[in-house]
Amino acid sequence: MLRKRLSLDEATRSKDLSGKTYIVTGANSGVGLETTRQLVRQGGHVVLACRRIDAAEEAARSFSGLKGSHEAMRLDLADLQSVRDFVAEFTANHDRLDGLACNAGLVSMGREPEYTKDGLEMTIGVSYFGHFLLTELLLDTLRASAPSRMAIVSSVVHAGSDKNRPNVDLDDLNNRRREFRNFAAYAEAKVATVLYAKELAERLDGTGVTVFSLHPGWARSNFGSGGSLPIRVAMAVMRPLSRLVSDSNEESAQTTLHCLLSDTAANHSGAYFSQSSVLYRDKQCRQGGWPMETPNPNAKNMETARRLVDLSYDVVGLSTPNKPV
Ligand SMILES: NC(=O)c1ccc[n+]([C@@H]2O[C@H](COP(=O)([O-])OP(=O)(O)OC[C@H]3O[C@@H](n4cnc5c(N)ncnc54)[C@H](OP(=O)(O)O)[C@@H]3O)[C@@H](O)[C@H]2O)c1
């Protein structure tokens, strides 16, 4: 494949991260694992925020001998109390946070919607609302550690096509009043993450905390592996074929790492970054870009972004927006 993949420049790849602390959600697998590995390799301390501690500890064994350090902490993004408990424990033990990678995500593979412990539709509940609460509760720590950064992992699917641009349904964020379609729900959740990055960047302007959304690439990860038997068989068949156009997990971690570490990314708070990807329906987007313009106008509508955030405060049970004074 003649596609040029974007990767970290040498200066960014060799930065010394000693003394810096990062949180990576979904760090036990795929893109999150390789993001974590590089941060540890460069000397950072990384909290692997995972719903399965045993899986996090197992994954972290592969970091042995790397320069930095790491710890595993339990975080189930499908349970808002777990998010609160995680932040309480993190802030009790750490006084700084240099980077937060909101990486965990899933696509619900069933025909029927699943719900989180708090009754939120699972896809948007984990990818967006869980991360929303996590982020809002960590904002004071991020501000106190400025310059600090957040990388929010979205997906190419947020872009849609010129015939169908996904949008968030502000009247039915939890997909209760519509027929459930799992990939449409995934696209909507990923539009929410792009909008949130834009709103947060606006709110945090001047604080030294910068925030980015991104598409990691077509990662050969565990993504979608929890489907029914026919879906798993189809994916197993497709995997060797898709190797030509898909990316290793290390290649898919490059965009998150660029957002967290590169000097140039910091000048583009609120922007969308993307690995090159054959998955864009809009051909002009396939080369990706650090940053690039999303082709979906719904994902850059600031009025929608602000309304989404206001509604999200109610959904996760936060009373007043944590706006900088
Ligand atoms: N793979 C792709 O081609 C692709 C393309 C575009 C965007 N993305 C995005 O990239 C991100 C990383 O995905 P990946 O490809 O690396 O897939 P992955 O290997 O399946 O990793 C997903 C991670 O999310 C975690 N997770 C799921 N539900 C969670 C919950 N309730 N609480 C905490 N963590 C939870 C998983 O934990 P468990 O191991 O316990 O399940 C796993 O660590 C996702 O946001 C995904 O939407 C992926």
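Residues numbered from 1 in each chain as written. Predicted model: local features only at pLDDT ≥ 70, side-chain atom pairs only at ≥ 80, totals over all residues. Heavy atoms only, no water.

Mind laying out the overall build of the protein, listing which residues take part and the relevant values?
Helix and strand counts for the protein stand at nine helices and eight strands. The C-alpha radius of gyration computed for the protein amounts to 18 Å, which stays within 12% of the reference 20 Å derived for 325 residues, consistent with globular compactness. In terms of principal-axis extent, the alpha carbons of the protein reach across some 50 × 45 × 40 Å. The buried share of the protein, taken over its 325 residues, is 56%. When contacts within the protein are restricted to residue pairs at least 6 apart in sequence, those whose partners lie at least 24 apart make up 76%. Of the accessible surface of the protein, which amounts to about 14300 Å², a share of 49% is contributed by carbon and sulfur atoms. (Helix = DSSP H or I, 4+ residues; strand = E, 2+ residues; numbered from the N terminus. Rg over C-alpha atoms; globule rule 2.2 N^0.38 Å. Buried < 20%, exposed > 50% of the residue type's maximum accessible area, 1.4 Å probe, protein only. Contact = heavy atoms within 4.5 Å. Areas by Shrake-Rupley, 256 points an atom, 1.4 Å probe, with all protein chains shown as cover.)

Give a description of the packing of helix α6 (residues 182-203) against helix α9 (residues 302-316) that names residues and reports values.
Look at α6 against α9: their axes get within 9 Å of each other, and the N-to-C directions meet at 90 degrees. Overall, the two elements α6 and α9 adopt an arrangement that is roughly perpendicular. Residue-level inspection shows A192, L195, Y196, K198, E199, E202 and R203 of α6 in contact with α9, the latter providing M302, T304, A305, R306, L308, V309 and Y313. Here the residues of the contact of α6 with α9 sort into eight nonpolar, one polar and five charged. (Axes fitted to C-alpha atoms, helices over the stretch in contact; angles between N-to-C directions. Parallel < 35°, antiparallel > 145°, perpendicular 65-115°, else oblique. Nonpolar A, V, L, I, M, F, W, Y, C, P; charged D, E, K, R; others polar.)

Before we move on, could you go through the packing of helix α2 (residues 30-41) against helix α8 (residues 249-261) and cite the residues and values that matter?
Where α2 contacts α8, the two axes come as close as 8 Å, and the packing angle between them is 55 degrees. Taken together, the axis directions place α2 and α8 in an arrangement best described as oblique. Between α2 and α8 the crossing geometry is right-handed. Side by side, α2 and α8 meet where G30, V31, E34, T35, Q38 and L39 of the first sit next to N249, E250, S252, A253, T256, L257, L260 and L261 of the second. For the contact of α2 with α8, the per-class residue count stands at six nonpolar, six polar and two charged. (Left-handed = near helix turned anticlockwise from the far one by under 90°.)

Help me get a handle on the site of the ligand, residues and values and all.
By nearness alone, 28 residues border the ligand, and S29, R51, N103, Y186 and S221 come closest of all. Within the contact set of the ligand, an oxygen atom lies 3.3 Å away from a backbone nitrogen or oxygen of G26. Here an oxygen atom of the ligand sits 2.5 Å away from a polar atom, N or O, in the side chain of S29. Among the elements of the structure, α2 and α6 are those that each provide at least two residues to the shell around the ligand. Classifying every residue of the shell around the ligand by side-chain character gives twelve nonpolar, twelve polar and four charged. (Near = heavy atom within 4 Å. Polar contact = N/O pair within 3.5 Å; in protein donor to acceptor, adjacent residues only side chain to side chain.)

Summarise empty space enclosed by the protein; cite the residues concerned and give the values.
Summed over all chains, the structure comprises three cavities of 30 Å³ or more. Estimates place the volume of the largest cavity at around 50 Å³. Where the lining of the largest cavity is concerned, the elements lending two or more residues are α2 and α8. By residue number, the principal contributor to the lining of the largest cavity is α8, which donates four residues. (1 Å grid on protein atoms, 1.4 Å probe; cavity = no way out; pocket = protein on both sides within 12 Å on 5 of 7 lines; lining within 4 Å. Points joined across faces, edges and corners; volume = space filled by probe spheres on them.)

With reference to specific residues and values, describe the sheet that holds strand β6 (residues 209-215).
Strand order in this open sheet of eight strands is β3-β2-β1-β4-β5-β6-β7-β8, and the pairing throughout is mixed. The sheet terminates laterally at β3 (69-74) and β8 (289-292), the two strands that pair on one side only. Direction aside, neighbouring strands of the sheet carry axes that sit 20 degrees apart on average. As paired strands, strand β1 (residues 21-25) and strand β2 (residues 45-50) are joined by five bridges and run parallel to one another. By the bridge assignment for β2, Y22 is matched with V46. Of the strands in this sheet, β1, β2 and β3 are in contact with α2, which crosses β1 at around 170 degrees. Strand contacts of helix α3 (residues 53-60): β2 and β3, with the helix running at about 165 degrees to β3, the strand carrying the most contacts. (Pairing = 2+ DSSP bridges.)

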